[in-house]
Amino acid sequence: MAVPRPSAAPRQTSPFGATMQRDFARPRLLDGTHSPHNIALYAFGVGGVAGLGLALAFLGTTLQWFGLYLVALAVFHFFEYEVTALYNAPKLNLGSFLIPHGPEYVAATIASLVESLVVGFLFPSWAQSWPLLLRFVGLALVLVGQSARSLAMIQAGTNFSHLIEHYKRLNHELVTTGVYSYLRHPSYFGYFWWGVGTQLLCGNLVCAFAYAGALWYFFRERIPYEEELLVKFFETEYVTYRARTKVGIPFIR
Ligand SMILES: C[S@@+](CC[C@H](N)C(=O)[O-])C[C@H]1O[C@@H](n2cnc3c(N)ncnc32)[C@H](O)[C@@H]1O
């Protein structure tokens, strides 16, 4: 999850990196990347995860809470794509689904499944003793986190990008209104609390701490790096804006 410093001439890579560059000026759905086959495949994947989650949750299985996590996961990825399609169409490509999301992300999802399985089948009394209140706190965090993230993407519009931009585009404007008037990184705030919330919802004590730690470390590295670039882009305008806003992730200022 380490993020290179600007001085290290960073280049962001992603399984979709090359496509992302190429797609920038193209109309969506009219190129090979957005072929009906590819769209169908991704929609099937997201829908399948949501369906599996709903089945686990509502058929009263041992993995019922993990099932709700799968539903939250499917909703998250669907919104990443759909909000980009509606509010940031020039940057839309299949990478907008944010699937896959990197090896750490896959490992985190598997870890959550493993903990849910171990606790559910080997220590069922521990699973039953997990306070319902904590599950509701988790659900509330998932809802707040998802809303903050989607709202940030909507309000930032074409100023939002899934990858950090290293050069200022002519039409890149500093967003300081709406949710950005309180939080200067609302999509990161949302993702952090959403992630922690999913594990409280599952009743996964180890993963709740592990997710909080990993996400905290990731954003503690990423935010100063992104802000260094934003100061270069917007100079005193960003410095002033930074001084009057919060991050909303513990111990990151
Ligand atoms: C993944 S988005 C995250 C945006 C923001 N950090 C957040 O959490 O909502 C990263 C891109 O957003 C841009 N960005 C971040 N804050 C911004 C702001 N207040 N106004 C305009 N662009 C911003 C950065 O230049 C970067 O290319």
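Only a predicted model underlies this, so the values are computations on that prediction, with no experimental measurement involved.

A. Focus on the overall build of the chain. What the chain contains, in helices and strands, is nine helices and zero strands. For the chain, the N- to C-terminal ordering of α and β elements is α-α-α-α-α-α-α-α-α. Taken across its 253 residues, the chain has 28% of its residues classed as buried. The contacts of the chain with a sequence gap of at least 6 include a subset with a gap of at least 24, amounting to 72%.

B. Main features of the site of the ligand. As a matter of local geometry, the ligand sits amid 17 residues, with E165, V175, H185, S187 and Y188 nearest to it. Where the shell around the ligand is concerned, the elements lending two or more residues are helix 6 (132-156), helix 7 (186-202) and helix 8 (205-234).

C. Summary view of the UniProt feature "transmembrane region" (unreviewed entry) in the chain. In this numbering, the UniProt entry assigns the feature "transmembrane region" (unreviewed entry) to residues 39-59, 66-85, 105-123, 132-152 and 191-219. Secondary structure within residues 132-152 divides into 100% helix and 0% strand; the distance between the first and last C-alpha atoms comes to 30 Å. The span residues 191-219 carries 93% helix and 0% strand; its end-to-end C-alpha distance comes to 10 Å.

D. Summary view of helix 7. Along its 17 residues, helix 7 runs 24 Å from first to last C-alpha, staying within 8% of the 24 Å computed at 1.5 Å per residue. Among the residues trailing helix 7, G203 stands out with phi positive, at a value near 80 degrees.

E. Local environment of helix 4 (residues 103-122). An ideal rise of 1.5 Å per residue puts 28 Å on 20 residues; helix 4 measures up with 27 Å between its terminal C-alpha atoms. Listed as buried for helix 4 are A108, S112, E115, S116, V119 and G120. For helix 4, the buried positions fall inside an angular range of 115 degrees around the axis, keeping them on one side. Exposed and oriented more than 90 degrees from the buried face of helix 4 are P103, V106, A107, I110, F121 and L122. Check the buried side of helix 4 and you find it contacts helix 3 (64-87), helix 5 (124-129), helix 7 and helix 8.

F. Layout of the environment of R169. You can see R169 is positioned in the loop between helix 6 and helix 7. With 12 C-beta atoms counted inside 10 Å, the residue R169 sits in the exposed group.

G. Broad picture of the packing of helix 8 against helix 9 (residues 236-243). The contact between helix 8 and helix 9 brings their axes to 6 Å, and the two run at 130 degrees. The pairing of helix 8 with helix 9 is recorded here as oblique in orientation. On helix 9, the residues touching E227, L230, V231 and F234 of helix 8 are E237, Y238, V239 and R242. Of the residues contributing to the contact of helix 8 with helix 9, the split by class is five nonpolar, no polar and three charged.

H. Region of interest: unusual backbone geometry. The phi angle at E235 is positive, at roughly 50 degrees, despite the residue not being glycine. Looking at the element boundaries, E235 is found in the loop between helix 8 and helix 9.

I. Fine view of the packing of helix 7 against helix 8. Running from N to C, helix 7 and helix 8 cross one another at 170 degrees; their axes reach a closest spacing of 8 Å. On the basis of the axis angle, helix 7 is roughly antiparallel to helix 8. On the side of helix 7, the interface is formed by Y188, F192, G195, V196, Q199 and L200, while helix 8 contributes C207, A208, Y211, A212, L215, F219 and I223.

J. View of the environment of L73. Mapping L73 onto the fold places it in helix 3. By the C-beta count within 10 Å, which is 19 here, L73 ends up partly exposed.

K. Quick peek at the nonpolar core. In terms of nonpolar packing, the biggest core is built from 38 residues, with F66, Y69, F189, F192, V196 and L201 touching the most fellow members. Listed by contribution, the elements that provide at least two residues to this core are helix 2 (36-58), helix 3, helix 6, helix 7 and helix 8. Ignoring any residue separated from it by four or fewer positions in sequence, one finds F66 in contact with L56, S112, L113, S116 and C202.

L. Spatial organisation of the confidence of the model for the chain. Here the chain shows a mean pLDDT of 88. Residues at 70 or above account for 87%. Low confidence marks residues 1-32, where pLDDT is under 50. Its contacts with residues over four positions away, or in another chain, come to 40 contacts. Listed scores for the predicted complex are pTM 0.86 and ipTM 0.98.

Cut-offs and rules
- Residues numbered from 1 in each chain as written.
- Predicted model: local features only at pLDDT ≥ 70, side-chain atom pairs only at ≥ 80, totals over all residues.
- Helix = DSSP H or I, 4+ residues; strand = E, 2+ residues; numbered from the N terminus.
- Buried ≥ 20, exposed ≤ 12 C-beta atoms within 10 Å, placed from the backbone.
- Contact = placed C-beta atoms within 7 Å.
- Near = placed C-beta within 6 Å.
- UniProt positions renumbered as here; feature names shortened; annotations may be inferred.
- Expected span 1.5 Å × (residues − 1).
- Arc of directions from axis to C-beta.
- Axes fitted to C-alpha atoms, helices over the stretch in contact; angles between N-to-C directions.
- Parallel < 35°, antiparallel > 145°, perpendicular 65-115°, else oblique.
- Nonpolar A, V, L, I, M, F, W, Y, C, P; charged D, E, K, R; others polar.
- Core = buried A, V, L, I, M, F, W, Y, C linked by C-beta atoms within 7 Å.
- pLDDT = per-residue confidence, 0-100.

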